[in-house]
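Summary of structural features
Read off the chains here:
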Amino acid sequence: MSVPAPQLPSDPSATVPDPSAAAPGPGGGFAAGPFCRCCGSVPAVQATVRGHQGFLVVMRFLKLRGPFCRDCGTAVFRDMTAKSLWQGWWGIASMVINPVTMLVNLVALAKIRRLAPPVPGAPGVPLTPGRPLLRRVEILGLLLPVLVVAAVAFAAQRDPDYADVGDCVNNTGSDYRPDLSVVDCSGWDAEFRIIARFEVSDADVCKGYPQTDAAYVQERGSKVYTLCLSEVRSS
């Protein structure tokens, strides 16, 4: 069963309660502000909940200022953080900004959690906090940066730019346009073993190795090197 997201105020500058009307306090008196911006209840505390969205090269910084009562503040925190867990990673800078944003929100949540429950009789109904973040599917968003790092590490592991002597490679391209990938030397797809590596783009450097069957020359930006390759003979 899914829990509907809380309906947050569309205008961050808007407040629900009438400033001239005080919410009833304990014992039938009237409570002093601040009043919750979402439902008008007390007690409330001034806090700012933030969110982040990353879109490759474009980013959005979201925030919603209080005051919040305990229920509304918790609902806003959970909703904003849940969205950041899915939408906040899609950019290089966002990979750093998003976790910082969520950590900053913990400071606001600590202030909100210290409040007593909202006093009944407020102009509006407090928001329903919904499920805790650990029980929402959005929490899986924490795995996104882990998966990205793992994918980058895997790609680097197979990139000949980082290959060294003794590694084996497979050519999925042609002799004229080779496309090398580092593979396990015991695997069926191991074609060549690197017997020498030079940080120059000159195939002639491999002439000093009689067992050389092929040379791979790379010259792309700052990546300049030559690999001397010996064919892997199956036993």
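All of the points below concern the structure found in this document. Each chain has its residues counted from 1, running along the sequence as written. With pLDDT at 70 or above as the cut-off, local features in this predicted model cover only qualifying residues; side-chain atom pairs require 80 or more to be listed or tallied, and sums for whole chains, interfaces and linings still use all residues. To obtain the side-chain values, all non-hydrogen atoms of the structure were used and water was disregarded.

On to the overall build of the protein chain. Helix and strand assignments come from DSSP, with helices taken as H or I runs of at least 4 residues and strands as E runs of at least 2, each series counted from the N terminus. When its secondary structure is counted, the protein chain shows 3 helices and 7 strands. For the protein chain, the α and β elements follow one another from N to C terminus as β-β-α-α-α-β-β-β-β-β.

Now for a nonpolar patch on the surface. Residues enter a patch when their relative accessible area is above 30% and they make no salt bridge; the linking distance is 9 Å between like charges and 5 Å between nonpolar side chains (Val, Leu, Ile, Met, Phe, Trp, Tyr). Here the Shrake-Rupley method, with its probe set to 1.4 Å, supplies the accessible areas, and only the displayed protein chains count as covering residues. Think of a salt bridge as a Lys or Arg side-chain nitrogen and an Asp or Glu carboxyl oxygen that are within 4 Å of each other. A cluster of nonpolar side chains, contributed by Trp86, Val137, Leu140, Leu143 and Leu147, occupies part of the molecular surface with about 490 Å² of accessible area. Checked against the element boundaries, Val137 lands in the loop between helix H2 (94–113) and helix H3 (143–158).

Here we take up the state of the cysteines. When the sulfur atoms of two cysteines share a covalent bond, that bond is a disulfide. Disulfide assignment relies on a single distance test, namely cysteine sulfur atoms paired within 2.5 Å. Evaluation of the coordinates by the stated rule reveals 2 disulfides. Here Cys168 is linked by a disulfide to Cys185, with a sulfur-sulfur distance of 2.1 Å. Around the S-S axis, the bridge from Cys168 to Cys185 shows a dihedral of about 105 degrees and counts as right-handed. On the criterion of sequence distance, the pair formed by Cys168 in strand E3 (residues 168–171) and Cys185 in the loop between strand E4 (180–183) and strand E5 (192–198) is long-range, its members being 17 residues apart. For Cys206, the disulfide goes to Cys228, at an S-S distance of 1.9 Å. Judged by the sign of its S-S torsion, about -90 degrees, the bond between Cys206 and Cys228 is left-handed. Of this pair, Cys206 sits in the loop between E5 and strand E6 (214–220) while Cys228 sits in strand E7 (residues 223–231), and the two are 22 residues apart along the sequence. Relative accessibility decides the category of a residue: with a 1.4 Å probe and only protein chains considered, values under 20% of the type maximum give buried, values over 50% give exposed, and everything between is partly exposed. Overall, the relative accessible area of 0% leaves Cys228 in the buried class. If one numbers only the bonded cysteines of the protein chain, in the order they occur, the disulfide pattern is 1-2, 3-4. Of all cysteine sulfurs, the one in Cys69 lies closest to Cys72, which takes part in no disulfide; the gap is 3.5 Å.

Bringing the nonpolar core into the picture now. Among buried residues, those of type Ala, Val, Leu, Ile, Met, Phe, Trp, Tyr and Cys that are joined through side-chain atoms within 4.5 Å constitute a nonpolar core. Membership of the largest hydrophobic core comes to 22 residues, with the highest contact counts inside it found for Cys36, Cys38, Val49, Phe68, Cys72, Val76 and Leu127. Of all the elements in the fold, those that place two or more residues in this core are helix H1 (70–87) and H2. No other element matches H1, which puts 6 residues into this core.

Note that Gly166 resides in the loop between H3 and E3. On a C-alpha basis, the gap between Gly166 and Ile194 in space is 5.3 Å, while along the polypeptide they are 28 residues apart. In what follows, residue pairs with any heavy atoms lying within 4.5 Å of each other are defined as contacts. Other than its neighbours up to four places away in sequence, Gly166 contacts Cys185, Arg193 and Ile194.

When its volume is computed, the largest pocket comes out at roughly 240 Å³. A pocket here means an open set of points on a 1 Å grid, computed over the protein atoms alone, that has protein on both sides within 12 Å along at least five of seven lines. A cavity is instead a set of points where a 1.4 Å probe fits but cannot get out; residues with an atom within 4 Å of a point line either one. Looking at the largest pocket, it is lined by 16 residues, and the ones nearest its centre are Phe77, Thr81, Met102, Leu106 and Leu133. Secondary structure elements with two or more residues in the lining of the largest pocket: H1 and H2. Residue classes follow a fixed rule: Ala, Val, Leu, Ile, Met, Phe, Trp, Tyr, Cys and Pro count as nonpolar, while Asp, Glu, Lys and Arg count as charged, and any other residue, Gly among them, counts as polar. Tallied by class, residues from the lining of the largest pocket come to 11 nonpolar, 3 polar and 2 charged. Grid points are joined across faces, edges and corners, and a volume is the space filled by probe spheres set on the points.

Next up on the list: the packing of aromatic side chains. The criterion for an aromatic pair is that two Phe, Tyr or Trp rings (for Trp, the six-membered ring) have centres within 6.5 Å, with stacked assigned to planes under 30 degrees apart, edge-to-face to planes over 60 apart and tilted to the rest. Evaluation of the coordinates by the stated rule reveals 2 aromatic pairs. Counted as over-ring charges are cases with an Arg CZ or a Lys NZ within 6 Å of the ring centre that also lie within 35 degrees of the ring normal. Against the face of Tyr225 rests Arg197, its NZ or CZ located 4.3 Å from the ring centre.

Our focus in this paragraph is the environment of Leu134. Relative to the helices and strands, Leu134 resides in the loop between H2 and H3. Look at Leu134 and you get exposed, because its relative accessible area is 74%. Taking the C-alpha atoms as reference points, Leu134 and Ala82, separated by 52 residues in sequence, lie 9.9 Å from one another.

A two-sided burial pattern is seen for E4, the buried positions comprising Leu180 and Val182 on one face and Ser181 and Val183 on the other. Here E3 runs beside E4; their pairing, made up of 4 bridges, is antiparallel. Residue pairing across strands places Asn170 opposite Ser181, the latter belonging to E4. Note: two strands are recorded as paired if DSSP finds a minimum of 2 bridges between them.

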